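Listed below are the residues making up each chain.
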Amino acid sequence: MDIKFALSVSLLWASASACASGSDIQHGIIKLDGAGHASLIVAAPLVAGQTVYFQYPDAKQQPVCCKRLTAQEFAKADGADTLATNEVTGNPPVIYHARLPKLWAEMPFVGAATIGQSLRAEGAGRQLFATTRQGHVTSVETCTSQEGVHLMATHLYLGLGYEVEQPTCR
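These numbers were taken from a predicted model, which means no experiment stands behind them.

Peer 1: Just checking my understanding: could you explain the state of the cysteines for this structure?
Peer 2: Chemically, a disulfide is nothing more than a covalent bond linking the sulfur atoms of two cysteines. Enumeration according to the criterion identifies two disulfides in this entry. Across the disulfide from Cys-65 sits Cys-66; the S-S distance is 1.8 Å. Torsion about the S-S bond of the Cys-65 and Cys-66 cystine: about -90°, corresponding to left-handed handedness. Overall, the relative accessible area of 23% leaves Cys-66 in the partly exposed class. Put simply, Cys-143 and Cys-169 are joined by a disulfide, and their sulfur atoms are 1.9 Å apart.

Peer 1: Even after reading the chapter, I still don't get the packing of aromatic side chains, so can you show me in this structure?
Peer 2: The description of an aromatic ring pair rests on the distance of the ring centres and on the angle between the ring planes. Under the criterion given, the structure shown has one aromatic pair. Over the aromatic face of Tyr-56 sits the side chain of Lys-67, whose NZ or CZ is 4.5 Å from the ring centroid.

Peer 1: Any chance you could explain the pattern of salt bridges here in plain terms?
Peer 2: Working definition: two side chains of opposite charge can pair if their charged atoms are close together. For the structure on display, the rule yields two salt bridges. Among the ionic pairs, Arg-126 bridges to Glu-141, the shortest N-O distance being 3.6 Å. In this pair, Arg-126 sits in the loop between β9 (119–124) and β10 (127–132) while Glu-141 sits in strand β11 (residues 137–144), placing the two residues 15 residues apart along the sequence. According to the relative accessible area criterion, Arg-126 is partly exposed, its value standing at 29%. A relative accessible area of 24% means that Glu-141 is categorised as partly exposed.

Peer 1: Help me understand the sheet that holds strand β2 (residues 37–42) in this model?
Peer 2: Each strand in a sheet pairs with another by means of backbone hydrogen bonds, the pair being arranged parallel or else antiparallel. With antiparallel pairing, seven strands are arranged side by side in an open sheet as β4-β3-β8-β1-β2-β7-β5. The open sheet has two free edges, formed respectively by β4 (63–70) and β5 (75–76), since each of these has just one partner strand.

Peer 1: Would you explain the side chain of Ser-39 in this entry?
Peer 2: Along the chain, the position of Ser-39 falls in strand β2. Here Ser-39 falls in the buried class, since its relative accessible area comes to 13%. Engagement of the side chain of Ser-39 in a polar contact is seen with the side chain of His-97, the distance being 3.0 Å. Beyond its immediate stretch of four places on either side in the chain, Ser-39 contacts Ile-29, Ile-30, Lys-31, Tyr-96 and His-97.

Peer 1: Any chance you could explain the pairing of strand β1 (residues 26–32) here in plain terms?
Peer 2: For β1, a buried count of six out of seven residues is recorded, marking the element as mostly surrounded by other parts of the structure. Relative to strand β8 (residues 109–116), β1 is paired through seven bridges, and the arrangement is antiparallel. Each bridged residue has a counterpart across the sheet, and for Gly-28 the counterpart in β8 is Ala-113. Pairing analysis gives five bridges linking β1 to β2, with the strands arranged antiparallel. Across the sheet, Lys-31 pairs through a bridge with Ser-39, a residue of β2.

Peer 1: Would you mind going over the pairing of β9 with me for this structure?
Peer 2: Working note: regular strand, side chains alternate between the two faces of the sheet. Bridge count between β9 and β10: six bridges; the pairing is antiparallel. Bridge pairing in β10 places Ala-124 opposite Gln-127. Between β9 and β10, which pair antiparallel and follow one another directly, the connecting turn spans two residues, one of which, Gly-125, has a positive phi of 65°.

Peer 1: Whenever I open this one, the nonpolar core confuses me. Can you help?
Peer 2: In this structure, Ile-30, Leu-32, Leu-40, Leu-46, Val-52, Phe-54 and Phe-74 are the most contacted members of the largest nonpolar core, which totals 19 residues. Going through the elements one at a time, β1, β2, β3 (51–57), β7 (94–99) and β8 are the ones with two or more residues in this core. Among all residues touching Leu-32, those that are not within four sequence positions of it are His-37, Ala-38, Phe-54, Gln-55, Tyr-56, Pro-57, Leu-100, Ala-105, Met-107, Pro-108 and Phe-109. Counting residues in each nonpolar core, the second largest holds eleven residues, with Ile-41, Ile-95, Val-140 and Leu-151 among its members.

Basis of the calculations
- Residues numbered from 1 in each chain as written.
- Predicted model: local features only at pLDDT ≥ 70, side-chain atom pairs only at ≥ 80, totals over all residues.
- Heavy atoms only, no water.
- Disulfide = S-S within 2.5 Å.
- Buried < 20%, exposed > 50% of the residue type's maximum accessible area, 1.4 Å probe, protein only.
- Phe/Tyr/Trp six-rings, centres within 6.5 Å; stacked < 30°, edge-to-face > 60°.
- Lys NZ or Arg CZ within 6 Å of the ring centre and 35° of its normal.
- Salt bridge = Lys/Arg side-chain N within 4 Å of Asp/Glu carboxyl O.
- Helix = DSSP H or I, 4+ residues; strand = E, 2+ residues; numbered from the N terminus.
- Pairing = 2+ DSSP bridges.
- Polar contact = N/O pair within 3.5 Å; in protein donor to acceptor, adjacent residues only side chain to side chain.
- Contact = heavy atoms within 4.5 Å.
- Core = buried A, V, L, I, M, F, W, Y, C linked by side-chain atoms within 4.5 Å.

Structure below.
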């Protein structure tokens, strides 16, 4: 194989991979503690330049869209204090912590997050929609089981450590 050809193919593949990872949409679970802290549970690491859009609670504790932080505002956490799993791959999810601006969430809340570059995010109830600049739309929603929160379509799970009174998963 010609070395120039092999190098060209390698560079093209690396470039395509970088573009794909920068424009892909990732979804996660956001947990707000009501005291100015957030935990983000995702299947893959955040990438510099990405924006994290996430649901937060309205006055009736219903999810509304969206608050926004950059990937750089999140710090990777060890996750020892968080019971979370990735039911699809079996790999442990990646967990991040962030400090929230004052009054963003005055009560504990768990909802959906969408992560990517050049996204537009919208919400409707528990559903969160993300649209790329190219018009690609994805949606994700959370539901609760007996003791935890599931992010539908990704199968990320966050254990709450207590029993849920009215599970919403079907």
